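Here are the chains, one letter per residue:
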Amino acid sequence: MDVKVKILRYNPEVLDEAEWKTYSVTLQPTDRVLDALHKIKWEQDGTLTFRRSCAHGVCGSDAMRINGRNRLACKTLIKDLNPGKEITVEPIKGLTVLKDLVVDMDPFFEAYRAVMPFLVTSGHEPTRERIQSQADRDRFDDTTKCILCAACTTSCPVFWSDGQYFGPQAIVGAHRFIFDSRDEGTEQRLEILNDKEGVWRCRTTFNCTDACPRGIEVTKAIQEVKRALIFRRV
Ligand code: SF4
Ligand code: FES
């Protein structure tokens, strides 16, 4: 089938503003948007620029706005996009576009690093693994699934209006350790997220939950961190 793919193109060395370009591509219904982008790049216009790596929904590098919604190009099938109509592809919003579909991810990763996304412990190195019950492990299972794709953070209207907000992903990254019974950095992380740019900026719009390609209940995780802050009991 012939499919029209309309891509928001931008090259700061050539253009002052982004502009839409439409490509006609022959695809199978079971092809993915990433296949369409590859065909365009390899067969029609080698200057088209986008990130991708694993092509299987694991690395998180190809989040983009497809038909107005944040998705991973490698997990989005053409047949699920009403291919009789033009398919639109844009960069994710709220981060500076460097070229075509590539955005500057630095602010996103800075927010992630700021919440200390690692195990904090004290005392001597253990001589055996740190034991945890299944129930304790289940407590943060959902937020371990994050692949750092930024689909949640860049679908958030608060993040669009003010890039200082930590954003949903950073809160998911903090949640993963705040509710880990082996961790001792909870107070520090909660204090970081109690900041004016922290969890209280969330307006519970659920865009983040809808956008997450891993099915993480992002809004629920944010609510749990808010509750932990209120009760300081996790
Ligand atoms: S929480 Fe989901 S949408 Fe957000 S960065 Fe992680 S995997 Fe991507
Ligand atoms: S290319 Fe790795 S998640 Fe899509």
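What you see is a predicted model; the values in this text were computed from it and never measured.

Chemist: Just checking my understanding: could you explain the sheet that holds strand E1 (residues 2-9) for this structure?
Modeler: Sheets are built from strands paired through backbone hydrogen bonds, the pairs being either parallel or antiparallel. Spatial strand order, E2-E1-E5-E3-E4: five strands in an open sheet with mixed pairing. Where the open sheet ends on each side, the last strands, each with one partner, are strand E2 (19-26) and strand E4 (69-72). Here the average twist between neighbouring strands, direction ignored, is 35°. Bridge analysis of E1 against E2 gives eight bridges, and the strand direction is antiparallel. The residue of E2 that forms the bridge with Val 5 is Tyr 23. Along the sheet face, helix H1 (residues 33-44) touches E1, E2, strand E3 (63-66) and strand E5 (87-90) and points at about 95° away from the line of E2.

Chemist: Just to check I follow, could you spell out the pairing of E4 for this structure?
Modeler: Two faces, one strand: in a regular strand the side chains alternate between the faces of the sheet. Where E3 lies against E4, four bridges are found, and the strand directions are antiparallel. Across the sheet, the residue bridging to Ala 63 is Leu 72, located in E4. Where E3 folds back on E4, the antiparallel hairpin that results is connected by two residues, among which Asn 67 adopts a positive phi of roughly 50°.

Chemist: Can you walk me through the packing of aromatic side chains in this structure?
Modeler: Within a pair of aromatic rings, the relevant descriptors are the distance that separates the centres and the angle that separates the planes. Tallied over the entire structure, the rule returns one aromatic pair. Each ring, one from Phe 108 and one from Phe 109, has its centre 5.1 Å from the other, and the planes form 75°; the classification is edge-to-face. Directly above the aromatic system of Trp 20 lies the positively charged group of Lys 6, at a separation of 5.0 Å from the ring centroid. The ring of Phe 177 is capped by Arg 176, whose NZ or CZ atom sits 4.1 Å from the centre of that ring.

Chemist: Quick question: what am I supposed to make of the site of ligand 1 here?
Modeler: Around ligand 1 sit 13 residues, and of these Cys 146, Cys 149, Cys 152, Gln 169 and Cys 212 come closest. Structurally, ligand 1 is housed in the largest cavity. When its residues are assigned to classes, the shell around ligand 1 shows 11 nonpolar, one polar and one charged.

Conventions adopted
Residues numbered from 1 in each chain as written. Chains lettered and ligands numbered in written order. Predicted model: local features only at pLDDT ≥ 70, side-chain atom pairs only at ≥ 80, totals over all residues. Heavy atoms only, no water. Pairing = 2+ DSSP bridges. Helix = DSSP H or I, 4+ residues; strand = E, 2+ residues; numbered from the N terminus. Axes fitted to C-alpha atoms, helices over the stretch in contact; angles between N-to-C directions. Contact = heavy atoms within 4.5 Å. Phe/Tyr/Trp six-rings, centres within 6.5 Å; stacked < 30°, edge-to-face > 60°. Lys NZ or Arg CZ within 6 Å of the ring centre and 35° of its normal. Near = heavy atom within 4 Å. 1 Å grid on protein atoms, 1.4 Å probe; cavity = no way out; pocket = protein on both sides within 12 Å on 5 of 7 lines; lining within 4 Å. Sits in = over half its atoms within 2 Å of the grid points. Nonpolar A, V, L, I, M, F, W, Y, C, P; charged D, E, K, R; others polar.

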